Amino acid sequence: MSTSPSHLLSLRDLDRPAWNALLEQAERLSGPAGRQPLLAGKRFGSVFFNPSLRTRTAFDIAALDLGAHAVTLNVGGGLWSLEYRDGVVMDGAHAEHVKEGFAVLARMVDALGLRAFAGMLDARADARDEVLHAAARASSVPVLSLESAMDHPHQGLADALTVRRRVGERSKVVVTWAPHIKPLPLAVPHAGTLAFAHEGHDVVVAHPAGFELDEGVLAAARGLAAAAGGSLAVTHDRAAALEGARVVYAKSWGARAHYGDPAAGAAAVQAHPDWTVDGAAMARTDGGIFMHCLPVRRGVVVADEVLDSAASVVIDQAAARLDVQKATLCRAMGVTA
Ligand code: CP
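Residues numbered from 1 in each chain as written. Predicted model: local features only at pLDDT ≥ 70, side-chain atom pairs only at ≥ 80, totals over all residues. Heavy atoms only, no water.

### Quick look at the domain arrangement of the chain
As assigned here, the chain comprises domain 1 (11–151 + 321–332) and domain 2 (155–317). Look at where the C-alpha atoms of domain 1 and domain 2 centre, and you get two points 24 Å apart. Every contact between the two is made by 29 residues of domain 1 and, on the other side, 34 residues of domain 2. A buried area of about 2,500 Å², summed over both sides, lies between domain 1 and domain 2, and 64% of it is on carbon and sulfur atoms. At the boundary of domain 1 and domain 2, one finds two salt bridges. Glutamate 27 is the salt-bridge partner of arginine 165, the closest N and O atoms lying 2.8 Å from each other. The tally of links between domain 1 and domain 2 comes to nine residue pairs in polar contact (both at pLDDT 80 or more). When contributions to the side of domain 1 that touches domain 2 are tallied by element, the ones reaching two or more residues are helix H1 (16–29), helix H4 (123–128) and helix H13 (314–332). (Domains from an automatic or database assignment. Contact = heavy atoms within 4.5 Å. Buried area = accessible area lost by both parts, 1.4 Å probe. Salt bridge = Lys/Arg side-chain N within 4 Å of Asp/Glu carboxyl O. Polar contact = N/O pair within 3.5 Å; in protein donor to acceptor, adjacent residues only side chain to side chain. Helix = DSSP H or I, 4+ residues; strand = E, 2+ residues; numbered from the N terminus.)

This is the structure:
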């Protein structure tokens, strides 16, 4: 019998029963069941290498609502600077290795969370998600990804739950690239693509040439979509993709060809201003809803006329984070409700 903890590191790791169980539990916990001491006496620790509004708050409140205690640690904000690479001589800025840091935290809490964004210097290194996996190896309790280089499982779960609530049937879902002022990681478009594939939607990923998502993630999403009765397509033709869409999921991400060159990366994401999601783009859809993980730059990623319209569900989408994070906390701590 395996004694390894039930980590949640990527949506790729969830089989259909586990995926559906999490979303069904999230729905149950969105009501009064989500404010009872199911996790009384339990402890959740999280380590953030990067900023957060939604993820951090949702875990703190989820723990409070379920009777658990949450401890949130910020790298650069009172926490020792952490090394994660194997075999390095630690004579630089990092004072502690995640091998010790996460092993110690795991002796004090019942589950751990980690946020560590992509370095965006080396796509192959990002694809290995080294910080997350180093932490998971060091931890004797379940580790939840709070967004890594490659995936953002809690965002994807909340996105899927939002579409279940707002649309509720197999639909055309467009994950569309959008402009930005600087190149951003691929975790969110990966998570959205995987989540909508899990749900059996007809997923279309639209982006300009050069902004390809990770091949391994796309292959996994194709398999998940096929198994769930849906499909996955990739196109450079956003106008055609939007025809008949019920969901428009916007996100900017960087071109991997420019990793390590921020100036070239910024120029690339600023080179397609016609990809901003505006009213004309939404008019191509079949009464589609607008989604974004937030934070979002108004007038760059999306026009005010869309974000402020009835089609925008971004606030409900963010609020759903609380429901799914209650569900993943319960799963990590072995509690079903
Ligand atoms: N969408 C999301 O993860 O938000 P935060 O970065 O604020 O946590």
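From this point, the discussion proceeds with the structure in view.
### Let's talk about the sheet that holds strand S1 (residues 43–48)
Spatially, the four strands line up as an open sheet ordered S2-S1-S5-S6, and their pairing is parallel. One side of each edge strand has no neighbouring strand; the edge strands of this open sheet are strand S2 (69–74) and strand S6 (143–145). Between one strand axis and the next, the sheet turns by 20° as a mean value, whatever way the strands run. Taken together, the five bridges between S1 and strand S5 (residues 111–115) define a ladder with parallel strand orientation. Bridge pairing in S5 places glycine 45 opposite leucine 112. (Pairing = 2+ DSSP bridges. Axes fitted to C-alpha atoms, helices over the stretch in contact; angles between N-to-C directions.)

### Some thoughts on the layout of surface pockets
As a volume, the largest pocket reaches approximately 570 Å³. Along the wall of the largest pocket there are 26 residues; nearest its centre are Arg115, Phe117, Glu147, Leu294 and Pro295. In terms of residue class, the lining of the largest pocket is made up of twelve nonpolar, seven polar and seven charged. Inspection of the lining of the largest pocket shows a minimum of three residues originating in each of domain 1 (11–151 + 321–332) and domain 2 (155–317). Lining the second largest pocket are 16 residues, and of these Tyr84, Phe117, Gly119, Asp126 and Val131 lie nearest its centre. Taken together, the elements giving at least two residues each to the lining of the second largest pocket come down to H4 and helix H5 (130–138). Of all the elements, H5 adds the most residues to the lining of the second largest pocket, at three residues. (1 Å grid on protein atoms, 1.4 Å probe; cavity = no way out; pocket = protein on both sides within 12 Å on 5 of 7 lines; lining within 4 Å. Points joined across faces, edges and corners; volume = space filled by probe spheres on them. Nonpolar A, V, L, I, M, F, W, Y, C, P; charged D, E, K, R; others polar.)

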